[in-house]
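Chains, contacts and geometry: an overview
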Amino acid sequence: MLSNSISKLVQYGIESGLTPACEKNYTINLLLDVFKEDEYVEPEENYANVNLEEVLAELLDEAVKRELITDSVVYRDLFDTKLMNCLMPRPSQVQKEFWDRYEESPEKATDYFYKLSQDSDYIRRYRVKKDQKWAVESEYGDIDITINLSKPEKDPKAIAAAKNAKASSYPKCLLCPENEGYAGRVNHPARENHRIIPITINDCPWGFQYSPYVYYNEHCIVFNSRHTPMKIERNTFVKLFDFVKLFPHYFLGSNADLPIVGGSILSHDHFQGGHYTFAMAKAPIERHVTIPGYEDAEAGIVKWPLSVLRIRHKDEKRLIDLASHILEVWRGYTDEAAFIFAETDGEPHNTITPIARKVGDTFELDLTLRNNITTEEHPLGVYHPHAQYHHIKKENIGLIEVMGLAVLPARLKEELEILEDYILEGKDVASNEKIEKHAAWVAEFLPKYDSITRENIHGILQKEVGIVFTHVLEDAGVYKCTPEGREAFMRFVEAL
């Protein structure tokens, strides 16, 4: 019965703190309106500890039954976001609460906002927990692996509808502030339950929000309020430290600004951060270096598969100056012997993936040297996952992977499950088209193990996936972790 489900959802809103108890009737009426229903009967039962996923499923089934929506994950997501918005505080109320708590401490403000972003179902906890996560030991530290299962697969009906949908330029992209409160459409997610905290970065208006897919703890996105392209420049470092000064318990990093080594949305200036310590941040400096004119700054090459210079200072302005100098030199740097070309045929190749953080009273900036040159042998990029590893990871190595977290495609869940059975039963991996791409890999690692059983096969595959991802990171390093690679790295340092 609709009244029962509405009562449960309103109770969830009150229990989670999204909805004040005094707004109970108001919220019920908003929900009735969404269902085009005039009648409501207060249930005799008093609901408590309401399970959000279950009550939303009840309401969505009712919406399908009433032919308000098509029974498809895309339409269900659009509709349940509309339902959740009925429980939500207005953006100004969220902003006031955030900054009131910030007066106590930045952590209290982000704790409040992160909880709200989950309670609102903007971050769908019940989907995120489906993600498979594990860590694998490597010579560089513990590498994090995740198979991302929280993005729902679109069904054929929704795909067809999206193809036929009228082209729209509003909002311009998924990062524009106009997404806040947007009802969505088949080819753009609903964001009615989404809230943004306005902040000032480099004397300009920016927004602070969380990622709906939460690849790691408190995974946040910080974005320019204007739809302007990504660019790594001196101001990038100013912006990163402006944020870290506001939220010293968070790191903040930027994707590179060139294709292949950049992120998925190069058209909108943004950063990603959060409350998490990646393996890269834990990795030690393997060789300290001194950069002329910046002798007061600690600097060194990090023991990491990608090529990283770490610089540290208590005064972030010195790091901004030093990082700008390193970036300028790297942009124009060519070392043919190391296959580093600043440009070919007028196309620039060198850029940087920077990550800023504060450790105690010291600011720290990791500068990851990137190059996006391609060749006939490596058409997707020389410093990109090589073809032999594409069965696991073919996509770009962006900021999150650079720091040591593999975000692997959902297809791997099923493929690894099938592989377990084939290996245990001694079947030919190449005979199944779903997993034939893994045949050479399996043939390579199987001889390492004396005994493979139902009990250990899962752990073995997880470990081997981690080894592949570590090799992928090594592929992305412009200077390899070899004596020759480190010698070439030092040639660049000496050019600074």
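Residues numbered from 1 in each chain as written. Predicted model: local features only at pLDDT ≥ 70, side-chain atom pairs only at ≥ 80, totals over all residues. Heavy atoms only, no water.

1. Regarding the sheet that holds strand β15 (residues 405-408)
Which entries qualify depends on this criterion: Any two strands with at least two DSSP bridges between them are considered paired. Going along the chain from the N terminus, every DSSP run of H or I of four or more residues is numbered as a helix, and every run of E of two or more is numbered as a strand. Axes, fitted as lines to C-alpha atoms, cover a helix only where it is in contact. Angles between the N-to-C directions of the axes lie from 0 to 180 degrees.
Across the sheet, which stays open at both edges, the 3 strands sit in the order β1-β2-β15 with mixed pairing between neighbours. Edge strands, defined here as strands with exactly one partner in the open sheet, are β1 (132-138) and β15. Within the sheet, the average angular offset between the axes of one strand and its neighbour, ignoring direction, is 20°. Across 7 bridges, β1 lies against strand β2 (residues 141-147) in antiparallel orientation. Opposite Gln-132, over in β2, you have Ile-147 as the bridge partner.

2. Topic: the pairing of strand β7 (residues 270-274)
For clarity, the threshold we go by: Note on exposure labels: buried denotes an accessible area under 20% of the residue type's maximum, exposed denotes more than 50%, and partly exposed covers the range between, all computed with a 1.4 Å probe on protein chains only.
Of all the 5 residues making up β7, 5 are buried; the element is thus mostly covered by neighbouring parts of the structure. Judged by which residues are buried, β7 turns out to be covered on both faces: His-270, Gln-272 and Gly-274 on one side and Phe-271 and Gly-273 on the other are all buried. Across 4 bridges, strand β5 (residues 220-224) lies against β7 in antiparallel orientation. Bridge assignment links Phe-223 to a residue of β7, and that residue is His-270. Alignment of strand β6 (residues 251-253) against β7, held across 3 bridges, turns out to be antiparallel. Counted as the bridge partner of Phe-251 is Gly-274 from β7.

3. Let's talk about the sheet that holds strand β9 (residues 298-302)
We apply this condition: Note on contacts: a residue pair is in contact if any heavy atoms of the two residues lie within 4.5 Å.
Pairing is antiparallel in the open sheet, where 10 strands are placed in the order β3-β4-β5-β7-β6-β13-β14-β10-β9-β8. Edge positions in the sheet fall to β3 (197-201) and β8 (285-289), since each has one partner strand and no second. Within this sheet the neighbouring strands show an average axis-to-axis angle of 25°, counted without direction. Running at roughly 60° to β3, helix α5 (residues 91-104) makes contact with β3 and β4 (204-210) of the sheet. The strands touched by helix α6 (residues 106-119) are β3 and β4; relative to β4, the strand with the most contacts, the crossing angle is about 60°.

4. A closer look at the layout of surface pockets
We apply this condition: Residues are called lining when one of their atoms sits within 4 Å of a cavity or pocket point, these points coming from a 1 Å grid over the protein atoms alone, where a cavity is a set in which a 1.4 Å probe fits but cannot get out and a pocket is an open set with protein on both sides within 12 Å along at least five of seven lines. Grid points are joined across faces, edges and corners, and a volume is the space filled by probe spheres set on the points. All amino acids are sorted into three groups, where Ala, Val, Leu, Ile, Met, Phe, Trp, Tyr, Cys and Pro are nonpolar, Asp, Glu, Lys and Arg are charged, and the leftover types, Gly among them, are polar.
If you add up the space inside the second largest pocket, you get close to 510 Å³. What lines the second largest pocket is a set of 27 residues, and nearest its centre among them are Leu-87, Met-88, Pro-89, Arg-90 and Gln-93. When residues of the lining of the second largest pocket are traced back to their parent elements, those giving at least two are α2 (24-34), α4 (73-85), α5 and α6. Of the residues contributing to the lining of the second largest pocket, the split by class is 13 nonpolar, 6 polar and 8 charged.

5. Points about the side chain of Gln-209
Within the fold, Gln-209 resides in strand β4. According to the relative accessible area criterion, Gln-209 is buried, its value standing at 5%. Every residue in contact with Gln-209, bar those within four places of it in the chain, is listed here: Phe-113, Tyr-122, His-194, Arg-195, Ile-196, Cys-220, Ile-221 and Phe-223.

6. Some details on the packing of aromatic side chains
The following threshold applies: For this analysis, a ring pair means two rings from Phe, Tyr or Trp (six-membered ring only for Trp) whose centres lie within 6.5 Å, classed as stacked if their planes differ by under 30 degrees, edge-to-face if by over 60, and tilted for the remaining angles. The criterion is that NZ of a Lys, or CZ of an Arg, lies within 6 Å of the ring centre and within 35 degrees of the ring normal, and then a charge sits over that ring.
With the rule as written, the count across this model stands at 34 aromatic pairs. Ring centres 5.3 Å apart and planes at 45° place the aromatic pair Phe-113 and Tyr-210 in the tilted group. In this pair, Phe-113 sits in helix α6 while Tyr-210 sits in strand β4, placing the two residues 97 residues apart along the sequence. Among the aromatic residues, those joined into a cluster by ring pairs are Phe-98, Trp-99, Tyr-102, Phe-113, Tyr-114, Phe-208, Tyr-210, Phe-243, Phe-247 and Tyr-250. Note that Lys-427 overlies the ring of Tyr-422, its terminal NZ or CZ placed 4.7 Å from the centroid.

In short, geometric facts, not functional conclusions.
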